[in-house]
Amino acid sequence: MLEYDIVIVGAGPAGSAAALKAASEGKKVLVIERGPEPGSKNVSGAMVRKDYVTSVFGEDMPFERNVETIKLSLYNKDKPVNIDFHPEGLVTTGRLKFDKWMSSVSEKAGAMVIPKTTALKLKWENGVAKSLITDRGEVSAKSFVLAEGVNSLVSMDSGIKGDWTPANSVQSVKMVYSIKKTDLNAMFGLPDDNTGMSWRMVMTDPLVAGFMYTYKDSLAVGIGSPIKELVERKIRPEKLLDDFLEMTGIAEKVNGYSLREYSAKIIPEGGFPDINVAKGNVYLCGDAIGLVDPLSFDGITPAIASGTLAGEAALNNYSSEIYKYNLMKNKEISKIAKERPLETDFMTGNKAGEYINMVSSVLEGWASGDLMGIRNTIVGSYRNIIPDMLSFVMRMR
């Protein structure tokens, strides 16, 4: 049986960050990836904070375009409220190139990455994991990091966590269209091939969060909607995506261009800090513990942050309490924990519609100079959600 200091399941951002941390300390590290190569099974926009990624993995990060504009659209029925702002340090990147690059950095540090290998289950003795059984054999290690994503079969088999349910999961669907650089630049008024933009949309009835990213020579567009709501309304995700494309006008823009990719993924909307993050010498990170920022849709930054901490925990054989404490202390992860209550409230009943209608009414009143109308909107019709907003602000301090 092959023996290692640390075995990591999953070569995504979390797994590669854990591998880099452990390998950089001179440990014998093995990373198992079930896809044919790192990034091949991932679905993501993806828009990332370049400075944060490079602070962990170093320079030469592959990316498509610098995101100079983010457009936010809040749909009050068919009528959106649009807000444009200009971020700093955000870039779009394709997950295949991005994940392969992170994995290669961990390999250069000394980690061994083996793709096309599926982790099946851990063998336990007296509360300690001794080895991992895969479809290609068995390996032993002193510690294990499970960065296996939402479908955390090994974690669930070991009793560390339960399965995600429709009540705490979102179904996402994404399409990528091949579009020539010149056409893409003209389509969105982009000055050159290095400049990009992002579009975020929120709709109600049913609740839908949409996104659009410009790559070098392609356009990614997709949606996410609570599975519980899709089931209750008997709505198919692909039908919801088609309706979304029509409502936003994206369908007309991509008409005639070839579809390069069509994919789907379940995104956890619950998780840390309300689930187990470790058991004995086994540590979970990334999507396996639901680390997706509910406000920015960012799962890559907290994945890298938690992966680094998981690698540190595996190195030092931390208890689950110490590992969880370190996760809560990390600013990239703690803000997700603080945002969970607002996320839950936002997805309950018609609160999302109430928030969007309030913002829409306030902005329309401001544009028309109707200060009394703004006052009546805030303290009148929507005063039931003001305490929720104030409570959220206090929690974020």
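As the structure is a computational prediction, the values presented were derived from the model and not from experiment.

What to know about the confidence of the model for the chain
- Model confidence for the chain is summarised by a mean pLDDT of 86, while 83% of its residues fall at 70 or above.
- Note that pLDDT drops below 50 for residues 389-397; the model gives that stretch 12 contacts with residues more than four away or on any other chain.

Here's the deal with the side chain of Ser140
- Take Ser140: it is sitting in strand β10 (residues 137-146).
- We classify Ser140 as buried; its relative accessible area is 12%.
- Setting aside anything within four residues of it in sequence, one finds Ser140 in contact with Met1, Leu2, Glu3, Tyr4, Val7, Lys130 and Ser131.

Here's the deal with the pairing of strand β2 (residues 29-32)
- Because side chains alternate across β2, one face comprises the buried residues Val29 and Val31, and the other comprises Leu30 and Ile32, equally buried.
- Pairing between strand β1 (residues 2-9) and β2: four bridges, direction parallel. Looking at β2, one finds that Val7 is bridged to Leu30.
- Between the parallel pair β1 and β2, the chain is carried across by helix α1 (residues 13-24), and the sense of this crossover is right-handed.
- With three bridges joining them, β2 and strand β7 (residues 112-114) adopt parallel strand pairing. Paired with Ile32 across the strands is Ile114, a residue of β7.

Looking at helix α10 (residues 320-329)
- Those residues of α10 lying buried are Tyr323, Asn326 and Leu327. With its buried residues spanning 100° around the axis, α10 presents them on a single face. α10 presents Glu321, Tyr325 and Lys329 as exposed residues on the side facing more than 90 degrees away from its buried surface.

With respect to the packing of aromatic side chains
- Taken as a whole and judged by the stated rule, the model has four aromatic pairs.
- Arranged with centres 5.5 Å apart and planes meeting at 80°, the rings of Tyr283 and Tyr323 form a pair that is edge-to-face. Of this pair, Tyr283 sits in strand β17 (residues 282-284) while Tyr323 is found in helix α10, placing the two residues 40 residues apart along the sequence. Just as Tyr283 is buried, Tyr323 falls in that class too.
- When the ring centre of Phe188 is taken as origin, the NZ or CZ atom of Lys253, which lies over that ring, is 5.2 Å away.
- The cationic tip of Lys279 hangs over the ring face of Trp124; the distance from NZ or CZ to the ring centre is 4.5 Å.

Cut-offs applied
Per-chain numbering applies: the sequence of each chain, read as written, is numbered from 1 onward. A pLDDT threshold of at least 70 governs which residues receive local features in this predicted model, and a stricter bar of 80 or more applies before side-chain atom pairs are shown or counted, although totals over entire chains, interfaces and linings include all residues. By convention in this description, side-chain values take in all heavy atoms of the structure and omit both hydrogens and water. What pLDDT expresses is the predictor's confidence in each residue, scored from 0 to 100. Should any heavy atoms of two residues lie within 4.5 Å, those residues are counted as being in contact. Counting from the N terminus, the helices are DSSP H or I runs at least four residues long and the strands are E runs at least two residues long. Relative accessibility decides the category of a residue: with a 1.4 Å probe and only protein chains considered, values under 20% of the type maximum give buried, values over 50% give exposed, and everything between is partly exposed. Pairing between strands is defined by DSSP: at least two bridges between the two strands are required. Orient the strands so they point away from the viewer; a crossover is then right-handed if the path from the first strand over the helix to the second runs clockwise. Starting at the helix axis, one direction is taken to each C-beta atom, and the arc is that of these directions. Two aromatic rings from Phe, Tyr or Trp, using only the six-membered ring of Trp, form a pair when their centres are within 6.5 Å; if the ring planes differ by under 30 degrees the pair is stacked, by over 60 it is edge-to-face, and anything between is tilted. By definition, being over a ring means that NZ of Lys or CZ of Arg is both within 6 Å of the ring centre and within 35 degrees of the ring normal.

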